[in-house]
Each structure stands twice: as structure tokens, then as C-alpha cells.
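What follows is each chain in one-letter form.
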Amino acid sequence: MALDRDTAMQVADVLSKGLPYIQRFTGKTVVIKYGGNAMENEELKSSFARDVVLMKLVGINPIVVHGGGPQIGDLLNRLNIKSHFVNGMRVTDSQTMDVVEMVLGGQVNKEIVSLINAQGGTAVGLTGKDANLIRARKLEVMGKTDELSRPEIIDIGHVGEVASVNTKVIDMLTHSDVIPVIAPIGVGPDGASYNINADTVAGKVAEAVNAEKLILLTNVSGLKSKEDKVLTGLTAAQVNHLIEDGTIHGGMLPKIRCALSAVENGVRTAHIIDGRVAHACLLEIFTDEGVGTLISRN
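In the annotation of an unreviewed UniProt entry, the protein is listed under the name Acetylglutamate kinase and assigned to Marinobacter daqiaonensis. Regarding the protein, the relevant UniProt record gives this comment under Function (unreviewed entry): "Catalyzes the ATP-dependent phosphorylation of N-acetyl-L-glutamate."

What follows is the structure in C-alpha cells.
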């Protein structure tokens, strides 16, 4: 059925406004951390997959890094494996690590690959263990074992941080028609598997490949001021000031530090955007307004 004139004009207007952004970002790499509501809502899943495929078709090289904390928690509960947390991080013994690998490297990763492929893309799923993609080291965490004790290093098991990223593997894929989908599991010097925060992996991958953009999908509308207004167009210096004065606190701090590290280490811009909005990635990349917070080095 043909579009009516007004609708057709709106479509043409949207497409024409997107052209300068397509021209600007063709050949550039965009790393997207995918998680939260966008991963749990069926409509948002489909819109995300279409966004990624469209980016690839217009010449942008998307790299997807995903989380899966809720899915891990669900399977642990079904298996009657209790979880303990230190500073918000799941203590990951060998049994729990087996579940993490099963969920992240299997269930979640393959679902995202299938979603992208169903929309006409060519996605390949990887964990950091494939071709030593993500070399990891054990994460040391300071904490207290009880209220009266002094802070000390607590062993939280197979939880790691990124030591290095093998960009050869990523370059080989992005320079073809393939969209890499990466599960945040790293491999240590001894061959052991490590569960790594997905935001951290996305940030370090973006730094390693010198990405144009790092996009972190969240469950909030972006970084907000004390007056509850979304802040955007921020420099690294402004963000550091907002951390110092307490505007940025709590659960937003790790994402902000990840974004800051990225822009301070070669990534042109970092975006913290609302994954609850359909086509959030396209709106952030191809419109002036965007749907979240943009942070740049200068």
C-alpha cells in the first residue's frame, strides 16, 4: 500500500537528515554494550537487531558486547546455587563460573547472533576465550568480611579485569561483512576463565580498536543533573567535576568511569543511552537530539 503524502514526506525528511551522519561515520567502528531492558523486551530485541544490521549496511562497523546478569541469576536459582556479592560483584567459584560460561557464551550470545542474522545480518558469536580475544587477570577487591574488620583483599573467585584485547581477530571480522557479538568472558595466563563486567569489556574493546563511539545501553534516560534533567554534550573535565560534587553517584559511577576511560584513551565519544527506547542506537547516532548522554574528551 502506498504511503500518504504527509507520511512519505516525513520518511523522506528523516532519511535526508540521516545522510550527513552516514557520510561522517562510514568506515568507523562503533562498540555497543547491549543489556538491561533492551535485552529482555521482545520488541526492543528486534529493534536493536535491525539497528545493528542497518549500521553495517551503511558502512559502519558495529561490535556488540553483551551482558546477562539476570539470566545468570535465574539459572543459578533453578540449580539451587546460592549467590554472594561483594561490592556489587557476584562471587564466582568454579561451579558458578560453569553457569556463567553456559549462559553468556551459550544461551545469551547465540540468541543475539540469531536475532541479528534473522534481520539479514551476518553475526558471529565469540567469547574472550576464542583466539585469546580477551586476556584477563584476576580482579582484586577490597572489602570487609564483617562490620568490625579492616578492609582487606577478598577473593571473589573467577572475576577478572581486562589485561589485553586481541584486535587481530576483531579486525578480521569487521573488515568483512561480519558483526562480532562478544560475551564478556576472558582467559587468564593459566587458561582459567574469568567473568568480566560487560561495560568494562565494551570500553576496553573500544579503546583497543580505536573506535569512533562507545555506546552503553542502560535502563535510565542518561546522566541526570541534581534537578533531574538529562545532561549531554559533556567533556571529560565536566564529568569529573560532576563526580566530585556528588551529582554522579551510586550505580551510575562504574558506567561513567568506563565512558571516561574510553574517551581519555582514544575513543572519540562515549554515549550512555536509554535502552528502553526503540531504535535507541540509531537515534543517538543519526540525530542531533539523541536519547541520552554524550561524553567527549574535549
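Visitor: Requested: an account of the UniProt feature "binding site: substrate" (unreviewed entry) in the protein, with residues and values cited.
Guide: Under the UniProt annotation, "binding site: substrate" (unreviewed entry) lies at G68, G69, R90 and N195. A maximum C-alpha distance of 12.5 Å among these annotated residues, which run over 128 residues, shows that they cluster at one spot. Position of G69 relative to the elements: it lies in helix α4 (residues 69–78). A relative accessible area of 37% means that G69 is categorised as partly exposed. Counting through the fold element by element, R90 comes out in strand β4 (residues 89–90). On the basis of relative accessibility, which here comes to 16%, the residue R90 falls in the buried class. If near-sequence neighbours (up to four positions away) are discounted, R90 is found in contact with G69, I72, G73, L76, S83, H84, F85, T96, I156 and V159. Among the polar contacts made by the side chain of R90, one reaches the side chain of S83 at a distance of 2.8 Å.

Visitor: Which residues make up helix α9 (residues 252–264), and what values do they have?
Guide: For α9, which comprises 13 residues, the first-to-last C-alpha distance of 18 Å matches the rise-based estimate of 18 Å (1.5 Å per residue) to within 8%. Buried residues dominate α9, accounting for 10 of its 13 residues. Of the residues making up α9, those classed as buried are M252, L253, K255, I256, C258, A259, L260, S261, A262 and V263. Buried-residue contacts for α9 involve β1 (29–34), α7 (198–208), β13 (213–218), α8 (236–244), β15 (269–274) and β16 (292–296). Positive backbone phi, at 105°, marks G266, one or two positions downstream of α9.

Visitor: Which residues make up the nonpolar core, and what values go with them?
Guide: Core analysis: the largest hydrophobic core is formed by 45 residues, its most contacted members being V31, L214, I248 and I256. No other element matches α9, which puts eight residues into this core. Dropping the residues within four chain positions of it, I248 is found in contact with L223, V239, L242, I243, L253 and I256. By size, the runner-up hydrophobic cluster in this structure holds 41 residues, among which are F25, I72, V113 and I185.

Visitor: How would you summarise the environment of M39 if you had to cite specific residues and measurements?
Guide: Locating M39 in the fold gives a position in helix α2 (residues 37–40). Relative accessible area serves as the criterion here: at 6%, M39 is assigned to the buried category. Sequence-wise, M39 and E244 are 205 residues apart; in three dimensions their C-alpha atoms are separated by 32 Å. Here M39 is in contact with Y34, K45, H66, G67, Q71, V108 and I112, once residues within four sequence places are set aside.

Visitor: Could you give an account of the sheet that holds β15, with specific residues and numbers?
Guide: Ordered in space as β5-β10-β2-β1-β13-β15-β16-β14, the eight strands form an open sheet in which the pairing is mixed. The sheet is open, and its two edges are formed by β5 (123–127) and β14 (234–235), each paired on a single side.

Visitor: Can you lay out the state of the cysteines for me, pointing to particular residues and giving the numbers?
Guide: Enumeration according to the criterion identifies zero disulfides in this entry. Considering cysteine sulfurs only, C281 is the nearest to C258, which forms no disulfide, with 15 Å between them. In this structure C281 comes out as buried when scored by relative accessible area, which is 2%.

Visitor: Break down unusual backbone geometry for me, with residues and values.
Guide: With a phi angle near 60°, N80 is a residue other than glycine that sits in the positive phi range. With respect to the element layout, N80 can be found in the loop between α4 and β3 (85–86).

Visitor: Give me the lowdown on the environment of G266, citing residues and values where you can.
Guide: Relative to the assigned elements, G266 resides in the loop between α9 and β15. On the basis of relative accessible area, G266 is assigned to the partly exposed category, the value being 39%. Along the chain, G266 and K213 lie 53 residues apart, while their C-alpha atoms are 9.9 Å from each other. Here G266 is in contact with N210 and A211, once residues within four sequence places are set aside.

The rules behind each value
Residues numbered from 1 in each chain as written. Predicted model: local features only at pLDDT ≥ 70, side-chain atom pairs only at ≥ 80, totals over all residues. Heavy atoms only, no water. UniProt positions renumbered as here; feature names shortened; annotations may be inferred. Helix = DSSP H or I, 4+ residues; strand = E, 2+ residues; numbered from the N terminus. Buried < 20%, exposed > 50% of the residue type's maximum accessible area, 1.4 Å probe, protein only. Contact = heavy atoms within 4.5 Å. Polar contact = N/O pair within 3.5 Å; in protein donor to acceptor, adjacent residues only side chain to side chain. Expected span 1.5 Å × (residues − 1). Core = buried A, V, L, I, M, F, W, Y, C linked by side-chain atoms within 4.5 Å. Pairing = 2+ DSSP bridges. Disulfide = S-S within 2.5 Å.

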